[in-house]
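A look at the structure
Each chain is listed here by its residues.
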Amino acid sequence: MYKPTYLTPIIKLTCNCNYSCYFCRYANHRQPNSDMSVNDVKKIIDHVIEYNSKNKHKYAKFIFHGGEPLLWGIDRFKEIMSYQVEKSKTHSIKLINSIQTNGSLIDEEWAVFFRQFHFQVGISLDGPVSMNGHYGRIDSYASLVQVKNNIKLLEKNNVEYGILSVITNNHFGKAGEFYNYWIDNNIKNIGLSFCYNPKDEIVVELDELNVFLVELFDLYFHGKNELNIREFNNAIKKYYKKVKVACTSNCRENCGNFITIDHKGDVTFCDEYDLDKNNLVGNINRQSFEEIIISDKYQNIYRKSIRIISNRCIECEYLNICGAGCARNDINDGKENYFCRTYMTLYKHIQDTIESIR
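Residues numbered from 1 in each chain as written. Predicted model: local features only at pLDDT ≥ 70, side-chain atom pairs only at ≥ 80, totals over all residues. Heavy atoms only, no water.

Quick look at the overall build of the protein chain now. Within the protein chain, the regular secondary structure consists of 12 helices and 14 strands. In terms of overall dimensions, the protein chain is globule-like: its C-alpha atoms have a radius of gyration of 20 Å, near the 21 Å expected for 358 residues. In terms of its C-alpha atoms, the protein chain occupies a principal-axis envelope of roughly 55 × 50 × 40 Å. Summarising the internal contacts of the protein chain: among those between residues at least 6 apart in sequence, 71% fall at separations of at least 24. Carbon and sulfur atoms make up 48% of the accessible area of the protein chain, which totals about 16700 Å². (Helix = DSSP H or I, 4+ residues; strand = E, 2+ residues; numbered from the N terminus. Rg over C-alpha atoms; globule rule 2.2 N^0.38 Å. Contact = heavy atoms within 4.5 Å. Areas by Shrake-Rupley, 256 points an atom, 1.4 Å probe, with all protein chains shown as cover.)

On to the sheet that holds strand E11 (residues 266-269), then. Taken together, 10 strands build an open sheet; the order of strands is E9-E6-E5-E4-E3-E2-E1-E10-E11-E12 and the sheet is mixed. The open sheet is flanked by strand E9 (228-229) and strand E12 (280-283), the only strands paired with a single partner. The pairing of strand E10 (residues 258-261) with E11 spans two bridges and is antiparallel. Bridge pairing in E11 places Ile-261 opposite Val-267. (Pairing = 2+ DSSP bridges.)

Counted residue by residue, strand E1 (residues 8-12) has five buried out of five residues, so it is predominantly covered. Burial along E1 is two-sided: Thr-8, Ile-10 and Lys-12 and Pro-9 and Ile-11, pointing in opposite directions, are all buried. (Buried < 20%, exposed > 50% of the residue type's maximum accessible area, 1.4 Å probe, protein only.)

Once that is clear, we can look at the packing of aromatic side chains. Note on aromatic pairs: each is described by the distance of the centres and the angle between the planes. Taken as a whole, this structure holds 30 aromatic pairs when the rule is applied. An angle of 75° between the planes, with centres 6.4 Å apart, marks the rings of Phe-77 and Phe-119 as edge-to-face. Here Phe-119 lies in the loop between helix H4 (108-116) and strand E4 (120-124) and Phe-77 lies in helix H3 (residues 74-90), a separation of 42 residues in the sequence. Judged on exposure class, the residue Phe-77 and its partner Phe-119 are both buried. Taken together, the aromatic side chains of Phe-64, Trp-72, Phe-77, Trp-110, Phe-113, Phe-114, Phe-117 and Phe-119 make up a single cluster linked through ring pairs. (Phe/Tyr/Trp six-rings, centres within 6.5 Å; stacked < 30°, edge-to-face > 60°.)

It is worth spelling out unusual backbone geometry at this point. At the junction of Gly-66 and Gly-67, the peptide bond is cis and its omega measures out at 20° in the coordinates. With respect to the helices and strands, the residue Gly-67 is situated in the loop between strand E2 (59-65) and H3. One non-glycine residue with positive phi stands out, namely Glu-201, at about 55°. Tracing the backbone through its elements, the reader meets Glu-201 in the loop between strand E7 (196-197) and strand E8 (202-203). Look at Asn-332: it is not a glycine, yet its phi comes out positive at around 55°. Counting through the fold element by element, Asn-332 comes out in the loop between strand E13 (330-331) and strand E14 (336-337).

Let us look at the environment of Asn-234. Mapped onto the secondary structure, Asn-234 falls in helix H8 (residues 230-241). Residue Asn-234 is classed as buried on the basis of its relative accessible area of 11%. C-alpha of Asn-234 to C-alpha of Thr-342: the two residues are 108 residues apart in sequence and 16 Å apart in space.

The tally for this structure, following the rule as stated, stands at 14 salt bridges. Note that Lys-89 and Glu-86 form a salt bridge whose closest N and O atoms lie 3.5 Å from each other. Here Lys-89 and its partner Glu-86 are both found in helix H3, three residues apart, which amounts to about one turn of the helix. By relative accessible area, Lys-89 is classed as exposed at 60%. One salt bridge in this structure joins Asp-333 and Arg-307, with 3.8 Å as the shortest N-O distance. Of this pair, Asp-333 sits in the loop between E13 and E14 while Arg-307 is found in helix H10 (residues 296-313), placing the two residues 26 residues apart along the sequence. For Asp-333, a relative accessible area of 49% translates into the label partly exposed. (Salt bridge = Lys/Arg side-chain N within 4 Å of Asp/Glu carboxyl O.)

This part takes up the nonpolar core. Ranked by size, the top nonpolar core spans 97 residues in total, and within it Phe-64, Phe-114 and Phe-119 carry the most contacts. Phe-64 has contacts with Ile-11, Leu-13, Val-41, Pro-69, Phe-77, Met-81, Asn-97, Ser-98, Ile-99, Gln-100 and Phe-119, leaving out every residue within four places of it along the chain. Membership of the second largest hydrophobic core comes to five residues, among which are Ile-308, Ile-309, Leu-319 and Ala-324. (Core = buried A, V, L, I, M, F, W, Y, C linked by side-chain atoms within 4.5 Å.)

Moving on to the packing of H8 against helix H12 (residues 340-356). Relative to each other, H8 and H12 sit at 60°, their axes nearing to 11 Å. With respect to each other, H8 and H12 are oriented oblique. For the pair H8 and H12, the sense of crossing is right-handed. Across the interface between the two elements, Phe-232, Ala-235, Ile-236, Tyr-239 and Tyr-240 from H8 touch Leu-346, Tyr-347, Ile-350, Gln-351, Ile-354 and Glu-355 from H12. (Axes fitted to C-alpha atoms, helices over the stretch in contact; angles between N-to-C directions. Parallel < 35°, antiparallel > 145°, perpendicular 65-115°, else oblique. Left-handed = near helix turned anticlockwise from the far one by under 90°.)

On to the side chain of Glu-231, then. Along the polypeptide, Glu-231 turns up in helix H8. A polar side-chain atom of Glu-231 sits 2.9 Å from the main-chain amide nitrogen of Leu-192. Among the polar contacts made by the side chain of Glu-231, one reaches the side chain of Arg-230 at a distance of 2.7 Å. Those residues in contact with Glu-231, other than ones at most four positions away along the chain, are Ile-190, Gly-191 and Leu-192. (Polar contact = N/O pair within 3.5 Å; in protein donor to acceptor, adjacent residues only side chain to side chain.)

All we've got here are geometric facts, nothing functional implied.
Here it is, written out as structure tokens:
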């Protein structure tokens, strides 16, 4: 039986969102506008601290998501942070908080709050207006201006932040424009999320994606500007040092550490975007995390998530860099990963590029 040594909860505070991103399965299949209760968030904090401490893990990280999590309200966030401060006094464990937001609602009060409690802030932004799919009631250009202004508030308050860009077919042929956009706006840290929403048949095309990523890597690697692109940084680290990095390239060693809890307390394995709730593994109002983990449902999903490595990936020369990708993107009943061809193309290019200068 598999039991992770620590848990990192992804806490979906609200189903409500002020954006209508065309590639988002939640925007395309609106859920009732319901919020998680403060008491349930406190319960999650208690359970995670208890679980991680029992396994002698020295920290607990809480990832706040939505919908748009800032709609949950700053007063409730302040109450939760006060609760965390009290809990940290009675437990020798470090508490870390991160949040993924579209950035549109950030103001001075939010920026000060993030700085006070050392939040790691992720901003969803896909590049210049021709590529940006993150916007709501105002148009894409106005949304970009609004979010860029709000990013300046984070910078003014010395808040740690990074950008998460959903890469869609709109990015193809525009690697240079994408790269220059971040340089021109003095934004240093970018993560890439390849669009994959088969439920709505909105999935990035692989051949064009491969070309885009190779061109972007060359700009990143040979350019004189400082730009940290997470996926490229991780690949180089793994190539040189064989170090563990992001969960998507860790040979699925982190599968099972991440669990998602929605506003009803329902728990899913990692963040499967399971709108139909077919893969629920439990509910925090009826079970402890320990009970959820030892359940047949959790164990079966875990076994399925790592099956691809022994069945398909074990002989691949790029496995140590790729890590088999994310199980959320597995296809054909877990026998292969949708982005396998992309990983092979990209990591071969990265490997060849590094070896050419050694």
